[in-house]
Amino acid sequence: MSSERLHNFSAGPASLPQEVILAAKRELPVYRGTGASVMEISHRSPAYTAIEASARDRLRRLLGLGDKWHILFLGGGASMQFHQVPLNFLPPGGTADYVVTGTWARKAFVEAAKLGRPNLAASGEEDNYARIPAQSKWQQREDSRYLHYCSNNTIFGTQFHRTPEADCPLVCDASSDFLSHPIDLDRYGLIYAGAQKNIGPAGVTVVLIRDDFLNNRNSGLPTMLDYGTHAAKCFNTPPVYAVYMVEKVLGWLEAQGGIAGIQGINTQKAGLLYDAIDASELYRGVAHYDDRSQMNVTFRLTDPALEPRFCVEANEEGLLGLKGHRSVGGMRASIYNACPLEAVEALVDFMREFECRSGHAADANV
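We now turn to the structure provided with this report. (Residues numbered from 1 in each chain as written. Predicted model: local features only at pLDDT ≥ 70, side-chain atom pairs only at ≥ 80, totals over all residues. Heavy atoms only, no water.)

**Here we look at the nonpolar core**
Okay, so step 1: Grouped together as the largest cluster of nonpolar side chains are 55 residues, with contacts concentrated most on Leu59, Leu63, Phe178, Leu179 and Leu208.
Okay, so step 2: Top contributing element to this core by residue count: helix H7 (residues 240–255), with 10 residues.
Okay, so step 3: One finds Ala270, Tyr283, Val297 and Ile335 within the second-largest nonpolar core, a separate group that totals 28 residues. (Core = buried A, V, L, I, M, F, W, Y, C linked by side-chain atoms within 4.5 Å. Buried < 20%, exposed > 50% of the residue type's maximum accessible area, 1.4 Å probe, protein only. Helix = DSSP H or I, 4+ residues; strand = E, 2+ residues; numbered from the N terminus.)

Shown next as structure tokens:
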């Protein structure tokens, strides 16, 4: 147990900017003259309305969103969106393309199959999701209503570095790389992201919907699962505290130079860590070189027997959350927007020292 903040590489809920946490701590007992905590104020009060309006304004500035885009703050996580997207947009008797590049993308496809006839346009399962399937091999349908994909795969450590080509609107699960790089919005009908990886705590999902896409949704939808319900007004109690934290993280992101600024930092962090892996005799990357994620760096030890020891000693050095997902094992360093460069530098130093102590470094006997 530690009373000080350590280096957190958890895949989610993930690191938040320390200055945001401290600001929230100061405001927690009484929020800006309301006489109550932000967790206690009405979601229809002027104080909360201003928080949500500011969060939307910050998102519009960061992404360059015009008036044709709706910004929703919904519950249920990205997993709810796996069902809500096809419920709203998979037409009766119609189809939509799904590109399956990992566990969460497959879950989205499975949910869509409960509601209609999604087309499996491509899958990386044959390569154990270590690479993004080349688009030249995708089997897309001409009558597809939309193409769904997951832009970054947290478990396997792959990421789309190019926007997919499609004759239909794109729908993207951007949960683990949202606001980490620029987005070509003209190609999309809908983008959703669980907040707990890059923009806030668990409890809220940001959904961006283009107005013309929204207007082509199915009819007769359940009220709470109809995107139109939430685009029209604040229909029910939103996740107030989570939205409050997202607003603060968005302000922090603006102070980093916006998306362009944070992209430069993310590139530096990922490059530092991948260079250390590639130069090593003990570590090997899992994802194909061209598809490596800048958010989730997955790697194994060439001597698997050392992996438990690696995790124990990393924790002792204050490097948390490095154990890979239970379904694949290995190691995973999640280095989202709020993970500081200093954390990655500390991890690289530890990895080099551990390699030398284990006797696997090229210069260990020099």
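Still more to cover.
**What to know about a negative patch on the surface**
Okay, so step 1: A cluster of acidic residues, Glu316, Glu317, Glu342, Glu345, Asp349 and Glu353, forms a negative patch at the surface.
Okay, so step 2: With 4 residues, helix H10 (residues 341–358) is the largest single contributor of residues to the negative patch.
Okay, so step 3: In this fold, Glu316 is placed in helix H9 (residues 307–316).
Okay, so step 4: Under the relative-accessibility criterion, Glu316 is labelled exposed at 61%. (Patch = residues over 30% accessible without salt bridge, like charges linked within 9 Å, V, L, I, M, F, W, Y side chains within 5 Å. Areas by Shrake-Rupley, 256 points an atom, 1.4 Å probe, with all protein chains shown as cover. Salt bridge = Lys/Arg side-chain N within 4 Å of Asp/Glu carboxyl O. Lys, Arg positive; Asp, Glu negative; His and termini not counted. Charge placed at Lys NZ, Arg CZ, Asp CG, Glu CD.)

**Comments concerning the packing of helix H8 (residues 258–278) against H10**
Packed helix pairs are characterised by how far apart their axes lie and by the angle those axes make with each other.
Okay, so step 1: Their axes nearest at 9 Å, the elements H8 and H10 cross at an angle of 5°. By the angle between their axes, H8 is roughly parallel relative to H10. Of the residues in H10, those touching H8 at Gln268, Lys269, Leu272, Leu273, Ala276 and Ile277 are Leu341, Val344, Glu345, Leu347, Val348, Met351 and Arg352.
Okay, so step 2: By residue class, the composition of the contact of H8 with H10 is 9 nonpolar, 1 polar and 3 charged. (Axes fitted to C-alpha atoms, helices over the stretch in contact; angles between N-to-C directions. Parallel < 35°, antiparallel > 145°, perpendicular 65-115°, else oblique. Contact = heavy atoms within 4.5 Å. Nonpolar A, V, L, I, M, F, W, Y, C, P; charged D, E, K, R; others polar.)

**With respect to H9**
Okay, so step 1: All of the buried residues in H9 are Glu307, Phe310, Cys311, Glu313 and Ala314.
Okay, so step 2: Looking at the buried positions of H9, the neighbouring elements they touch are strand S11 (283–285), strand S12 (296–301), strand S13 (319–320), strand S14 (331–334) and H10.

**So, the packing of aromatic side chains**
Okay, so step 1: According to the stated counting rule, one finds 17 aromatic pairs in the structure shown.
Okay, so step 2: Following the ring pairs from residue to residue traces out a cluster consisting of Tyr283, Phe299, Phe310, Phe350 and Phe354. (Phe/Tyr/Trp six-rings, centres within 6.5 Å; stacked < 30°, edge-to-face > 60°.)

**Some thoughts on the side chain of Thr158**
Okay, so step 1: Assignment of secondary structure puts Thr158 in strand S7 (residues 158–159).
Okay, so step 2: The class of Thr158 is buried, set by a relative accessible area of 0%.
Okay, so step 3: When sequence neighbours within four positions are dropped, the list of residues in contact with Thr158 reads Thr101, Tyr129, Ala130, Arg131, Ile132, Asn152, Asn153, Ala287, Asp291 and Ser293.

**Some details on the packing of helix H2 (residues 46–63) against H7**
Okay, so step 1: H7 packs onto H2 with a crossing angle of 40° between their chain directions and a minimal axis gap of 9 Å. By the angle between their directions, the pair H2 and H7 is classed as oblique. The two elements H2 and H7 meet at a crossing, and its hand is left-handed. Residues Tyr48, Ile51, Glu52, Ser54, Ala55, Arg58, Leu59, Arg61 and Leu62 of H2 lie in contact with H7, whose contacting residues are Val240, Val243, Tyr244, Glu247, Leu250, Gly251, Leu253 and Glu254.
Okay, so step 2: Here the residues of the contact of H2 with H7 are counted per class, giving 10 nonpolar, 2 polar and 5 charged. (Left-handed = near helix turned anticlockwise from the far one by under 90°.)

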